[in-house]
Amino acid sequence: MSSFVAWAALLLGAVVSELIIKPRVRGAGEIAEGARASDQAMVLATVVAVAVPPLLLALTPWRETPAVAIAGLVLAIAGLVLRSVAMVVLAQRYQLTPREQPDAPTLVTRGPYANVRHPGYAGLVMFFLGTAAVFGDPGGIVAVFPMILFVHLRIRGEEVLLAREFSAEFAAYTARVRYRLLPRIY
Amino acid sequence: MVSIPRRPSLPTVITIALWLVALVVAGVMFVTATNLARASAGDGVFPFALGPVPFFEGFSDDGRFGVRPQWGLLLLVLAPPAIGLLLLLGRARNFARTGE
């Protein structure tokens, strides 16, 4: 029961943070077909990541492990904080759908962007891994794998856009900040 | 956490349609399993499966009855988005390569 309360509170926290730190609405800027597909895939992957862990608990309630649940709670909160900080630091560059942004021509490299190139996605993955683990069943973490795959594809697409927009500056940034999500790993 | 696309693509529409079908199928199976458990004369379990896949298990125990979900329900929830994600994978990979 307490795991359901924690799960619901985390999801509520995520929704509230997304509503508070809204992206700047822009009329201009072409959105590529692939970017739209990526958005839709992320929505489906999010549904899987949210729906499967509680369902797994309903199917196999005996597998709850308190240590995994506590680690999950800590990871989810850390992910939520990291994503919120990344969104705030991005400021005008923060958009939900990847596209070139000629009206905000600044490459953001400060704050968490000085450590990894995509801290917002790192926070997102941490949040959903943690949320899945809150139920104490490590099996629920498998539900986040589709999201990790599509985050990987989205990051590569975004980097193509950033390289197009900032060319030399982005090349220097990738040379300086070598990892996308997790220092020394990816 | 992710943007809600304004114009859903065909894979998303297919996924939503499949989810609605799955919801109806699951609802019918749940009601059937409940009725089996309620109508039983004595204690026992009443598995409700399609082929080898169990979806629900009705039970009757000392006058009480209920329904437990089985792993087939997970398939019912996961199959629609899995199909949708597979259909979107090509375009997402193209975006990863070209940004288009």
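Up top is the structure these notes are about.
The notes below deal with the structure included here.

What counts, and at which threshold
- Residues numbered from 1 in each chain as written.
- Chains lettered and ligands numbered in written order.
- Predicted model: local features only at pLDDT ≥ 70, side-chain atom pairs only at ≥ 80, totals over all residues.
- Heavy atoms only, no water.
- Contact = heavy atoms within 4.5 Å.
- Buried area = accessible area lost by both parts, 1.4 Å probe.
- Salt bridge = Lys/Arg side-chain N within 4 Å of Asp/Glu carboxyl O.
- Polar contact = N/O pair within 3.5 Å; in protein donor to acceptor, adjacent residues only side chain to side chain.
- Phe/Tyr/Trp six-rings, centres within 6.5 Å; stacked < 30°, edge-to-face > 60°.
- Helix = DSSP H or I, 4+ residues; strand = E, 2+ residues; numbered from the N terminus.
- Buried < 20%, exposed > 50% of the residue type's maximum accessible area, 1.4 Å probe, protein only.
- Lys NZ or Arg CZ within 6 Å of the ring centre and 35° of its normal.
- Core = buried A, V, L, I, M, F, W, Y, C linked by side-chain atoms within 4.5 Å.
- Patch = residues over 30% accessible without salt bridge, like charges linked within 9 Å, V, L, I, M, F, W, Y side chains within 5 Å.
- Areas by Shrake-Rupley, 256 points an atom, 1.4 Å probe, with all protein chains shown as cover.

One frequently used descriptor of interface size is the decrease in accessible area upon assembly of the parts. Contact residues are listed per partner, giving 33 residues for chain B and 44 residues for chain A. When chain B packs against chain A, close to 3200 Å² is buried across both sides, 76% of that on carbon and sulfur atoms. Along the contact surface separating chain B from chain A lie 1 salt bridge. Counting across the interface, chain B meets chain A through 3 residue pairs in polar contact (both at pLDDT 80 or more).

The next subject is the packing of aromatic side chains. Under the defined criterion, the tally for this structure stands at 6 aromatic pairs over all chains. Judged by centre distance (6.3 Å) and plane angle (85 degrees), the rings of F4(A) and W7(A) are edge-to-face. Of this pair, F4(A) and W7(A) are both found in helix α1 (residues 2–20), 3 residues apart, which corresponds to roughly one turn of the helix. By relative accessible area, which is 17% here, W7(A) ends up buried. With a centroid separation of 6.3 Å and 50 degrees between ring planes, the pair formed by F170(A) and Y173(A) is classed as tilted. Here the residue F170(A) and the residue Y173(A) both occupy positions in helix α5 (residues 145–176), the gap between them amounting to 3 residues, near one helical turn. A single burial state applies to F170(A) and to Y173(A), both of which are buried. An aromatic cluster is built from F4(A), W7(A) and F135(A), whose rings are joined through pairwise contacts. Stacked on the ring of F59(B), the Lys or Arg R68(B) has its end atom at 4.2 Å from the ring centre.

Moving on: the nonpolar core. Generally speaking, soluble globular proteins have nonpolar side chains that are buried together. Core analysis: the biggest nonpolar cluster contains 34 residues, and L124(A), F127(A), F128(A), M147(A), F150(A) and V151(A) have the highest contact counts within it. The next biggest cluster of nonpolar side chains, apart from the first, holds 18 residues, and it includes L55(A), L56(A), V53(B) and L73(B).

Here the focus is a nonpolar patch on the surface. All names here are of chain B. A contiguous nonpolar patch, built from L10, V13, I14, L18, I83 and L87 and spanning about 480 Å² of accessible area, is present on the exposed surface. Secondary-structure elements contributing two or more residues to the nonpolar patch are α1 (10–39) and α2 (71–98). Per-element tally for the nonpolar patch: the top contributor is α1, with 4 residues. Note that L18 resides in helix α1.

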